[in-house]
Amino acid sequence: MPSPTRRLRLAPSLLSADFAALGDAVRAAEAGGADALHLDVMDGHFVPNLSFGPALVAAVRARTRLPLDVHLMISDPLRYLDAFHRAGGDTLVFHVESDSDPAEVVRRAHALGSAVGGAISPETPLAALDPVFDALDQVLVMSVHPGFSGQEFLPDVLPKVRAARERLDRAGRNADVSIDGGITAATAVRAAEAGATFFVCGNSVFAHGSVGENLRRLRAAVEEGAQRAVP
Ligand code: DX5
Ligand code: ZN
């Protein structure tokens, strides 16, 4: 059963920030009440875009104490877990569609002392995470096709959010269900209502207006959605 006291966290995605002023973006997010930062790592192979690697994660780590959620949109996450852990990533999120063995990724991440998230792209069923579901600290449901910020939210993924939340609730676990892609105040309400607890927000935080005001609007939205979820 959904709980009104469940912790709801906002994680601005730095992919939407000005890379030439990343320190300012980190400071603004922190001052605006962000609960974590989301860092999108892309290899130009698993997704048709390139972003950044461990050096940038380390540079962000040096500027903030916020938890760093590292989203590995790369073909061989297993190979890079150590590097992103050393760089200061707190949660290492891999894609179940990648080439690495999910069980091995989870085992290795936990051996490093890192939290681990399993991500599924919009077409991937939640069942693809079955072999590792019970060991995950976060289930990340992609609500856009991975690769770019600023895309439109795909509402068809919401039943997966609901199913993941129900499965965690049934097991008495409070791992996060994370929603990533196209999150605005309007879509955040729906994701929270479906049971998401961790909200990755790129353009809705950094593209327009004030980071602090944008975060306040998103905070109100997720709280409203979570309230609606309470029977
Ligand atoms: C997309 C990334 C997302 C993206 C979110 O591949 O995983 O984290 O940066 O950006 P918005 O919120 O603009 O969709
Ligand atoms: Zn992401």
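Located above this text is the structure these notes cover.
Residues numbered from 1 in each chain as written. Chains lettered and ligands numbered in written order. Predicted model: local features only at pLDDT ≥ 70, side-chain atom pairs only at ≥ 80, totals over all residues. Heavy atoms only, no water.

### With respect to the overall build of the protein
Here is the rule we go by: Helix and strand assignments follow DSSP, with helices taken as H or I runs no shorter than four residues and strands as E runs no shorter than two, numbered in order from the N terminus. Residue burial is assigned from relative accessible area. The probe radius is 1.4 Å, only protein chains are included, and a residue is buried under 20% of its type maximum, exposed over 50%, and partly exposed in between. Contact criterion: two residues are considered in contact whenever any of their non-hydrogen atoms come within 4.5 Å of each other. Under the convention used here, a 1.4 Å probe and the Shrake-Rupley method define accessible areas, while residue burial counts only the protein chains that appear. Positive charges come from Lys and Arg alone, negative charges from Asp and Glu alone, with His and the N- and C-terminal ends not counted. Where a charge sits is defined by one atom per residue type, namely NZ (Lys), CZ (Arg), CG (Asp) or CD (Glu).
A count of helical and extended segments in the protein gives eight helices and eight strands. For the protein, the C-alpha atoms occupy an extent of roughly 45 × 40 × 30 Å along the three principal directions. Evaluated residue by residue, the protein yields a buried proportion of 52% over its 231 residues. If you take every contact in the protein between residues at least 6 apart in sequence, the share linking residues at least 24 apart comes to 66%. A total of about 9900 Å² of accessible surface is found on the protein, and carbon and sulfur atoms cover 51% of it. Averaging the positions of the 22 positive and the 28 negative side-chain charges in the protein gives two centres separated by 5 Å.

### Side note on the pattern of salt bridges
Spelled out, the test is: The salt bridge criterion pairs a side-chain nitrogen of Lys or Arg with a carboxyl oxygen of Asp or Glu, the two atoms within 4 Å.
Across all of its chains, the model carries eleven salt bridges by this definition. Through salt bridges with shared partners, a single network forms among R6, R165 and D169.

### Section: the site of ligand 1
Our working rule: Neighbouring residues are identified by heavy atoms, a residue being near a molecule or strand if any of them is within 4 Å of it. Think of a polar contact as two N or O atoms within 3.5 Å of one another; within protein, one of them needs to be a possible hydrogen donor and the other a possible acceptor, and neighboring residues in sequence only count if both atoms come from side chains.
Lining the immediate environment of ligand 1, one finds 21 residues, of which G147, G150, D180, G182 and G202 sit closest. Within the side chain of S13, an N or O atom sits 3.0 Å from an oxygen atom of ligand 1. Here H38 contributes a side-chain N or O atom positioned 3.3 Å from an oxygen atom of ligand 1. Isolated, ligand 1 exposes 380 Å² of accessible area, and the fraction of that covered by the protein chains is 99%. Of all the secondary-structure elements, those providing two or more residues to the shell around ligand 1 are β2 (37-42), β3 (68-73) and β8 (198-201).

### Section: the coordination of the zinc ion (ligand 2)
For clarity, the cut-off: The donor definition counts N, O and S atoms within 2.8 Å of each metal and applies 3.2 Å to Na, K and Ca; water is not among these atoms, so some sites may look incomplete. Sites are called tetrahedral only when four donors show all angles between 85 and 135 degrees, square planar or octahedral only when four or six donors show opposite pairs over 155 degrees and all other angles between 65 and 115, and irregular in any remaining case.
Here the zinc ion (ligand 2) is held by the protein donor atoms H38 (NE2), D40 (OD), H71 (ND1) and D180 (OD), which lie 2.0 to 2.3 Å from it. Here the zinc ion (ligand 2) is ringed by six donor atoms whose angles at the metal span 72 to 173 degrees, and the overall shape comes out octahedral. Between consecutive donor residues of the zinc ion (ligand 2), the sequence gaps follow H-x1-D-x30-H-x108-D. Pair noted here: H71 is in strand β3 and D180 is in strand β7 (residues 176-180), with a separation of 109 residues, a long-range link. Overall, H71 belongs to the buried group, its relative accessible area being 0%.

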